[in-house]
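# A structural walkthrough
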Amino acid sequence: MSLDPEYLKSERSQEWRTALRSKIKNKERTAIQRVHMPEQAPEVRVKYQDREVNLGITAEMAALEASRCMDCVTPTCIEGCPVNINIPKFIKLIENGDILGAAATLKETNALPAVCGRVCPQEKQCESRCFYVEKMNLNSVAIGHLERFAADFERASGTSNIPKTAAPNGIKVATVGSGPAALSFAGDMVKYGYDVTVFEALHEIGGVLKYGIPEFRLPNSIVDFELDNLKKMGVKFETNFIVGRTASFDDLREEGYQAFFIGSGAGLPRFMDIAGENYNGILSSNEYLTRVNLMGANSDNSDTPVIKGKRVAVIGGGNTAMDSVRTALRLGADRAMIIYRRSEAEMPARIEEVKHAKEEGVEFMNLCNPLEYFADEKGMVNRMRLNRMGLGEPDASGRRRPVPIDGSEFELDVDLVIVAVGVSPNPLVPSCLPDLKITKWGTIVVEEEKMQSSIEEMFAGGDIVRGGATVILAMGDGRKAAENMHEYLQKKVSNPTKIN
Amino acid sequence: MSNKIIEKEYFSDKVIRFVVENQKISRSRKAGNFVILKIGEKGERFPLTIADADPVKGTITLVVQIVGVSSAKLAALEIGDCITDLVGPLGKPTDIELKGTILACGGGVGVAPLLPIVEAFKKAGNRVVSVIAARSKDLIILEDQIRKWSDEVIVMTDDGSYGRQGLITAGMEEVIQREKIDECIVIGPAIMMKFASLTTKKYSIPTQASLNSIMVDGTGMCGACRVTVGGKTRFTCVDGPEFDAHEIDFDEMLMRLGGYRAEEAVASNKYFQK
Ligand SMILES: Cc1cc2nc3c(=O)[nH]c(=O)nc-3n(C[C@H](O)[C@H](O)[C@H](O)COP(=O)(O)OP(=O)(O)OC[C@H]3O[C@@H](n4cnc5c(N)ncnc54)[C@H](O)[C@@H]3O)c2cc1C
Ligand SMILES: Cc1cc2nc3c(=O)[nH]c(=O)nc-3n(C[C@H](O)[C@H](O)[C@H](O)COP(=O)(O)OP(=O)(O)OC[C@H]3O[C@@H](n4cnc5c(N)ncnc54)[C@H](O)[C@@H]3O)c2cc1C
Ligand code: SF4
Ligand code: FES
């Protein structure tokens, strides 16, 4: 919808926007330097697991940054956004001083702007497609910082506008899981008038947003605020409910649910299957982050324990690895090390996370790979053996394949090892639906345009389809699924013979 | 799903039986399944086996032994209180078939998870011989219920204060010597399962052990519960909790049970090597 050129043109030609464009010359706009996100000083922030690193830009900074945007005729940035936010419109609203209007624009297409403004890899998405980058070789407009600013402003203003919902149509639908895919699906379906229930296996709603991404990057209170909005819109939440276990899909059909959205994520940790990996003190990043983020194990009044390592090795180079290593620092590590088998250029983690990690004193041991772990007499890990890697020919992923260097083995003293080498799709749902088509990797096969699975009333999206992606792609899937499930159900309703 | 406690019964001062309202789980659970509980906002997630269920009343039965903070927090709840979070049923159910003669062995609080399995095997038409064991008389639990579903029950106590004096393995040997056993199931402290498993291995009796690994989520998400079976790493919560006992690396399992190993080793050594 918002990629439609006619629509974009009509929005762009509104009087206020035309006026705003002529207020400042483009030359002056492009002369302004990109805003710097104010940050908590590294030596302070490493002491607090629960204090955000990025402090957010001020209203003045936001207004100035917004004025950099030239409100392009062909806003390529929108094409770079997986949910096609009307980027120039929200930025121009900020420039015009209508921050709540900007927030409302974000919410037209993005159910969780305060989340996305914090965790999206904008440098690979909208910002990489900004005119400043594509045509002028300058720093892009800070779209992500502005998104966060507008969303935070709205939350602080207390005048959060709850999106309008259609009159209830009485049709029950359910989601399996409560990560970003399911939440954006639920938000859209409730807007269409459906009776939506979100089923979550854990005791908290939010999926990775709660159990994975740490407080210093995404405070739970922000996720809770967005959840509250969904509640106000009428979405129902059931925690401690494993679809396929607590009740079967047939049970839920009997209770009147007519269609399902599967957003069960890719939550299964992978290990490397090397000698000594089951010693105590070696755990998956999921376990480590869950203990801290979901169970609050870092605080004294929590019953859940966590090992506070002094010499911590984190295996991997993705966001999960960065979140783990930075958490280890905050829990008191003297040495917090990233052990990654490729070089920094191949690291899948967000650039900002790598930068922050370096500032905080994380040691990067790139082009290294673990071979074996050793333990003390109690079975607690105390040492590991690694070898160095070189880069060979590009592999299937297009990245250069790491190859071990002969005779490069060395040892390292460690007292905590966190394995963050990837996750696999959660097999629970596929295992209880024999007719559901899955790939050899265990992801659910969907018709890409519709997110519809091989079982017609089941749609799916997010990591269970993609095998591991991003918050925004998961949310985009949820939206697409909602739109198509709506169409599917409306057809079914107008052709009632198909309903039992 | 209120998770309200409607019955509470002390088997001993450390072992308590709870009947808890949860209609959904009472209907969907099978023998061998467990639940994860969390008590209070700051509570820890910990697993307990579903010892029994009544789908008509919509209740499940849990038997807990007080060993640390979480079990003590549960024990402190009274009739009418609600368990903050309760999720399940988790784990693969026991493979119940008509196999012939089943040797069912339970040590300590392990008798609680054994009960639904004994019942299911009996109902499937098997001959069931149960051996239940504990350190002393007051730690023998659920004897009457086990009797109800067993053709024969042997009770062993460490100190001889009840039943026969000796280790569970002595009771097992006796049965194995005198009749053909088609399958054995053992549930109890890891150290007991290790020795029980060594016993049946001598006689090549197919044996399942139900493991009590440390868990966090119970849904396969964290790997805290990993255990080596047949040389491969498996997750107890989703691949188990029952595994082929002769393939389990019990020493690694004991090591992974972690910090409390020292205290438990003292107790078990006394129990098994005396
Ligand atoms: C540590 C970490 C950091 C990350 N950082 C970033 C980042 O900075 N930026 C970014 O864009 N992406 C990041 N990602 C990736 C991103 O979080 C995921 O791609 C995204 O959360 C996927 O969303 P989802 O809705 O598919 O599933 P999830 O968020 O995985 O949620 C799935 C939920 O479904 C539940 N569930 C599973 N099975 C069932 C069932 N049968 N019944 C009921 N509930 C069930 C699970 O308990 C879980 O809560 C990160 C991931 C991790 C782990
Ligand atoms: C699938 C499964 C089913 C289970 N079913 C039952 C059940 O039906 N009834 C029941 O009482 N328990 C059962 N357990 C064990 C139970 O989960 C633990 O005893 C409990 O989590 C201990 O928590 P805590 O906080 O009370 O003790 P913690 O504070 O965690 O531990 C305190 C001390 O208790 C001892 N301890 C802790 N865990 C165990 C253990 N697993 N085995 C022996 N000693 C231990 C140690 O000495 C430790 O130092 C089961 C475990 C699993 C994995
Ligand atoms: S491409 Fe850049 S300058 Fe152009 S509209 Fe988008 S954000 Fe503004
Ligand atoms: S308890 Fe987390 S994977 Fe088994």
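Residues numbered from 1 in each chain as written. Chains lettered and ligands numbered in written order. Predicted model: local features only at pLDDT ≥ 70, side-chain atom pairs only at ≥ 80, totals over all residues. Heavy atoms only, no water.

Right, let's talk about the overall build of chain B for a bit. For chain B, the count of helices and strands is 9 helices and 15 strands. Taking 2.2 N^0.38 as the reference for a compact globule, 274 residues should give roughly 19 Å; the C-alpha atoms of chain B span a radius of gyration of 17 Å, in line with that estimate. Principal axes of the C-alpha set define a box for chain B whose edges measure 50 × 35 × 35 Å. Of all intrachain contacts in chain B linking residues separated by at least 6 positions in sequence, the fraction that spans at least 24 positions is 64%. Here chain B has roughly 10,800 Å² of accessible surface; of this, 51% comes from carbon and sulfur atoms. Within chain B, one finds 35 positive and 36 negative side-chain charges whose respective centroids are separated by 2 Å. (Helix = DSSP H or I, 4+ residues; strand = E, 2+ residues; numbered from the N terminus. Rg over C-alpha atoms; globule rule 2.2 N^0.38 Å. Contact = heavy atoms within 4.5 Å. Areas by Shrake-Rupley, 256 points an atom, 1.4 Å probe, with all protein chains shown as cover. Lys, Arg positive; Asp, Glu negative; His and termini not counted. Charge placed at Lys NZ, Arg CZ, Asp CG, Glu CD.)

So, on to the pairing of strand β12 (residues 207–210) of chain B. Residues and elements named next belong to chain B. Relative to β12, strand β11 (residues 183–187) runs parallel, the two being bridged by 3 bridges. Each residue of the ladder has a partner; that of Cys 184, found in β12, is Thr 207. Between the parallel pair β11 and β12, the chain is carried across by helix α6 (residues 190–202), and the sense of this crossover is right-handed. As paired elements, β12 and strand β15 (residues 242–244) share 3 bridges and run antiparallel to each other. Within β15, the position partnered with Gln 208 by the bridge is Asp 244. (Pairing = 2+ DSSP bridges. Right-handed = clockwise from strand over helix to strand, strands pointing away.)

Residues and elements named next belong to chain B. Applying the stated criterion to the full structure yields 67 salt bridges over all chains. Lys 8 is the salt-bridge partner of Glu 78, the closest N and O atoms lying 3.4 Å from each other. Taken together, the residues Glu 78 in the loop between α2 (69–75) and β6 (85–90) and Lys 8 in strand β1 (residues 5–10) connect sequence positions 70 residues apart. Look at Glu 78 and you get partly exposed, because its relative accessible area is 42%. (Salt bridge = Lys/Arg side-chain N within 4 Å of Asp/Glu carboxyl O. Buried < 20%, exposed > 50% of the residue type's maximum accessible area, 1.4 Å probe, protein only.)

Further remarks concern the nonpolar core. It is characteristic of soluble globular proteins that their nonpolar side chains tend to be buried jointly. The biggest cluster of nonpolar side chains holds 95 residues, and the ones touching the most others in it are A:Ile87, A:Phe90 and A:Ile94. When residues of this core are assigned to their parent elements, the largest contribution, 9 residues, is made by helix α21 (residues 471–494) of chain A. Among the nonpolar cores identified, the runner-up in size contains 31 residues, and B:Ile168, B:Val175, B:Ala190 and B:Val229 belong to it. (Core = buried A, V, L, I, M, F, W, Y, C linked by side-chain atoms within 4.5 Å.)

So, on to the interface of chain A and chain B. For an interface, size is often stated in terms of accessible area lost upon the parts coming together. Contact residues are listed per partner, giving 36 residues for chain A and 36 residues for chain B. Of the roughly 3,000 Å² buried between chain A and chain B on both sides combined, carbon and sulfur atoms contribute 52%. It is A:Arg245, A:Asn278 and A:Asp303 that lose the most area in chain A upon contact with chain B, and together they represent 24% of the buried surface on that side. Joining chain A to chain B, the criterion identifies 2 salt bridges. Here chain A and chain B share 19 residue pairs in polar contact (both at pLDDT 80 or more) between them. Listing elements by their share of the side of chain A that touches chain B, those giving two or more residues are β5 (268–269), β6 (282–284) and α16 (285–294) of chain A. For the side of chain A that touches chain B, the element with the highest residue contribution is α16(A), accounting for 4 residues. Split into classes, the residues belonging to the side of chain A that touches chain B amount to 14 nonpolar, 13 polar and 9 charged. (Buried area = accessible area lost by both parts, 1.4 Å probe. Polar contact = N/O pair within 3.5 Å; in protein donor to acceptor, adjacent residues only side chain to side chain. Nonpolar A, V, L, I, M, F, W, Y, C, P; charged D, E, K, R; others polar.)

The environment of ligand 3 is formed by A:Cys69, A:Met70, A:Cys72, A:Cys77, A:Pro88, A:Cys130, A:Phe131 and A:Ile143. When the residues that make up the shell around ligand 3 are grouped by side-chain class, the tally is 8 nonpolar, no polar and no charged. (Near = heavy atom within 4 Å.)

Bringing unusual backbone geometry into the picture now. Here the bond from B:Gly88 into B:Pro89 is cis, since omega is -5°, no more than 30 degrees from zero. Considering the arrangement of structural elements, one finds B:Pro89 in strand β6. A cis geometry characterises the amide bond from B:Gly240 onward to B:Pro241, with omega recorded as 10°. The backbone of A:Met451 shows a phi angle near 60°, a positive value even though the residue is not glycine. Locating A:Met451 in the fold gives a position in the loop between α19 (428–431) and β16 (458–460). Here A:Met451 falls in the buried class, since its relative accessible area comes to 3%. Even without glycine at this site, B:Asn3 takes up a positive phi of about 60°. Position of B:Asn3 relative to the elements: it lies in the segment before β1. By relative accessible area, which is 6% here, B:Asn3 ends up buried.

Residues and elements named next belong to chain A. Taking strand neighbours across the sheet as the criterion, the 5 strands line up as β6-β14-β7-β8-β9 in an open arrangement whose pairing is parallel. The open sheet has two edge strands, β6 and β9 (363–366), and neither has a second partner. Pairwise comparison of adjacent strand axes, ignoring direction, gives a mean angle of 20° for this sheet. Pairing of strand β7 (residues 311–315) with strand β14 (residues 416–419), which is carried by 4 bridges, proceeds in the parallel orientation. Bridging from a neighbouring strand, Val 312 pairs with Leu 416 of β14. Helix-sheet contacts for helix α17 (residues 319–330) involve β7, β8 (335–340), β9 and β14, and the interaxial angle to β8 is about 165°. (Axes fitted to C-alpha atoms, helices over the stretch in contact; angles between N-to-C directions.)

Residues and elements named next belong to chain A. In the sheet, β8 pairs with β9 via 4 bridges, with the strands oriented parallel. Each bridged residue has a counterpart across the sheet, and for Ile 338 the counterpart in β9 is Phe 364. As a crossover connection, the stretch from β8 through helix α18 (residues 351–360) into β9 is right-handed.

Now for the packing of aromatic side chains. Here the distance between the centres and the angle between the planes together describe a pair of aromatic rings. All names here are of chain A. Applying the stated criterion across every chain, the model contains 7 aromatic pairs over all chains. A ring pair is formed by Phe 249 and Phe 260, whose centres lie 5.1 Å apart and whose planes are at 85°; its orientation type is edge-to-face. Of this pair, Phe 249 sits in helix α15 (residues 249–254) while Phe 260 is found in strand β4 (residues 257–262), placing the two residues 11 residues apart along the sequence. Across the pair, Phe 260 and Phe 249 agree in class, each one buried. In this structure an aromatic cluster arises from ring pairing among Phe 199, Phe 241 and Tyr 257. Between the NZ or CZ atom of Arg 155 and the centre of the ring of Phe 225, over which it lies, the distance is 5.9 Å. (Phe/Tyr/Trp six-rings, centres within 6.5 Å; stacked < 30°, edge-to-face > 60°. Lys NZ or Arg CZ within 6 Å of the ring centre and 35° of its normal.)

Glancing now at the sheet that holds strand β4 (residues 46–54) of chain B. Residue and element names in this part refer to chain B. Spatially, β1-β2-β5-β4-β3-β6 is the arrangement adopted by the 6 strands of the open sheet, whose pairing is antiparallel. Each edge of the open sheet carries a strand with a single partner, namely β1 and β6. Shown here is a sheet whose adjacent strand axes are inclined to one another by a mean of 30°, direction ignored. Across 4 bridges, strand β3 (residues 34–38) lies against β6 in antiparallel orientation. Bridge pairing links Ile 36 to Val 87 in β6.

The next subject is the packing of helix α5 (residues 59–68) of chain A against helix α7 (residues 87–95) of chain A. Two packed helices can be described by the angle between their axes and the distance between those axes. Residue and element names in this part refer to chain A. For the pair α5 and α7, interaxial distance at closest approach is 8 Å and the crossing angle is 130°. Between α5 and α7, the crossing angle belongs to the class labelled oblique. The hand of the α5/α7 crossing is left-handed. Here α5 contributes Ala 62, Ala 66 and Ser 67 to the contact with α7, which in turn contributes Ile 91, Lys 92, Ile 94 and Glu 95. Looking at the contact of α5 with α7 residue by residue, the class counts come to 4 nonpolar, 1 polar and 2 charged. (Parallel < 35°, antiparallel > 145°, perpendicular 65-115°, else oblique. Left-handed = near helix turned anticlockwise from the far one by under 90°.)

By themselves, these are just geometric observations and shouldn't be taken as functional.
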